[in-house]
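The lines below spell out each chain.
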Amino acid sequence: ARKRRFLDHLVGASYDIVGIQELWWPWRAAFQLESLLLPEGQRDSGLALAGRLRATQRPRVHHFHAGNGIDRLKRKGVMTARVTPEAGGEEISVHVTHLQAGPRKGEVRARQVDELLGLMATVSGPAIVMGDFNFHAGDPADEKAIARLADEGFADAIPHGGESEPTYESTNPYVRRRSCAERFDRVFLKSGCGTRLVAKAARVLNDLASPFSDHH
C-alpha cells in the first residue's frame, strides 16, 4: 500500500528529476509511471529515473565490482543517463546510485565511490549524483569518500549542518535500529561547460504519519 501511495505522490507532483532506488522485481513491472526511465539489461539493480525530463539515451547501469554480504545478491551500482528538463536548460548528466549498506562497511563504500568517480571522469558538462549512499557519521572511510566527491567538484546539496537533516532515523516506524539518525540519502551537484549548478534550498520530507519507506 505504501508503494502505491508513493506512486500516487509522484504522479501528482511536479518534480523535474527523481532518482529511485530499490525498485526491485516484481514491483518494478507494476510501477506504472509514464515518465519512468529504466536501464537497459535484465540484471536487477533497483535503480530508475523519473520526472519532467527528456532523455537523449536510455539509461545504463554499472554494477559495482565491490560489494559485501547480501548486498551482492542485488547487484547494486550506478545508473547513468543524459537528460534535459522539460522546463528547459542544458543537458545534464544524472547518476542514481545505491551503495553498500551497513555499519563498518565504509571501506566497501569507498571502493564503490572510486568506481562511481571513475565512470564520471570522462563526463563533461553539469552533473547530478543522487541516491542512497549509506554514509555513516563518524566512519573514517565514509568521511574520506565524501571528501573525494568534494575534491572532484561534487557539492552536497546540504553542505553544512547536514547531521540535523537525517533521512534514516529511529522515529520512522519502518526503521528497526534504535537511537539512530543518519543522512544516508544525498544529492551532489557539479557544474561544468559554462553551466553552474547550485542548491537554492534543500529539505528532507519526513511524513512520519504515513511514510513511504524506512528512508525519508
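Each remark here, short or long, concerns the structure printed above.
Residues numbered from 1 in each chain as written. Predicted model: local features only at pLDDT ≥ 70, side-chain atom pairs only at ≥ 80, totals over all residues. Heavy atoms only, no water.

Asker: What is the right way to read the nonpolar core from this model?
Answerer: Across soluble globular proteins, nonpolar side chains show a tendency to be buried alongside one another. The biggest cluster of nonpolar side chains holds 15 residues, and the ones touching the most others in it are Val 113, Val 129, Phe 133, Phe 135, Leu 149 and Phe 154. Put simply, the parts of the chain that give this core at least two residues each are α3 (106–120), β7 (127–132) and α4 (140–151). Dropping the residues within four chain positions of it, Phe 135 is found in contact with Leu 99, Arg 109, Val 113, Asp 142, Ala 145, Ile 146, Leu 149, Glu 182, Arg 183, Phe 184 and Arg 186. The next biggest cluster of nonpolar side chains, apart from the first, holds 14 residues, and it includes Leu 49, Val 83, Val 96 and Met 130. (Core = buried A, V, L, I, M, F, W, Y, C linked by side-chain atoms within 4.5 Å. Buried < 20%, exposed > 50% of the residue type's maximum accessible area, 1.4 Å probe, protein only. Helix = DSSP H or I, 4+ residues; strand = E, 2+ residues; numbered from the N terminus. Contact = heavy atoms within 4.5 Å.)

Asker: How do you make sense of empty space enclosed by the protein when you look at a structure like this?
Answerer: Rolling a probe over the atoms, with the probe sized like a water molecule, indicates the empty space that remains. Inspection of the entire model under this criterion finds one cavity of 30 Å³ or more. Of the volumes computed, that of the largest cavity is approximately 70 Å³. What lines the largest cavity is Phe 64, His 65, Ala 66, Gly 67, Asn 68, Asp 71, Arg 72, Arg 75, Lys 76, Gln 100 and Gln 112. Residue composition of the lining of the largest cavity, by class: two nonpolar, five polar and four charged. (1 Å grid on protein atoms, 1.4 Å probe; cavity = no way out; pocket = protein on both sides within 12 Å on 5 of 7 lines; lining within 4 Å. Points joined across faces, edges and corners; volume = space filled by probe spheres on them. Nonpolar A, V, L, I, M, F, W, Y, C, P; charged D, E, K, R; others polar.)

Asker: Looking at this structure, how should I read the side chain of Asn 172?
Answerer: In this structure, Asn 172 sits in the loop between β9 (168–169) and β10 (181–182). Residues within four places of Asn 172 in sequence aside, it is in contact with Leu 208, Pro 211, Ser 213, Asp 214, His 215 and His 216.

Asker: I would appreciate a short explanation of the side chain of Thr 97 in the present structure.
Answerer: Its location among the elements puts Thr 97 in strand β6 (residues 92–98). In terms of polar contacts, Thr 97 uses its side chain to reach the backbone carbonyl oxygen of Gly 77, at 2.9 Å. Contacts of Thr 97, omitting those with residues within four sequence positions, involve Gln 21, Leu 47, Phe 64, Gly 77, Val 78, Leu 116, Met 130, Gly 131, Asp 132 and Phe 133. (Polar contact = N/O pair within 3.5 Å; in protein donor to acceptor, adjacent residues only side chain to side chain.)

Asker: Honestly, the environment of Thr 195 in this entry has me stumped. Any pointers?
Answerer: Along the chain, Thr 195 falls in the segment after β11 (185–190). Judged by relative accessible area, which is 22%, Thr 195 ranks as partly exposed. Each C-alpha atom of the pair Thr 195 and Ala 127 lies 9.9 Å from the other, and the pair is 68 residues apart in sequence. In contact with Thr 195, other than residues within four places in its own chain, are Glu 90 and Pro 126.

Asker: Is there a simple way to think about the pairing of strand β5 (residues 77–85) in this case?
Answerer: Residues in a regular strand point their side chains to alternate faces of the sheet. Counting buried positions over the nine residues of β5 gives eight, a clear majority of the element. Pairing analysis gives three bridges linking strand β3 (residues 53–55) to β5, with the strands arranged antiparallel. Bridge pairing links Arg 54 to Thr 84 in β5. Where strand β4 (residues 60–63) and β5 come together, four bridges link them in antiparallel fashion. Directly across from Arg 60, in β5, lies its bridge partner Thr 80. (Pairing = 2+ DSSP bridges.)

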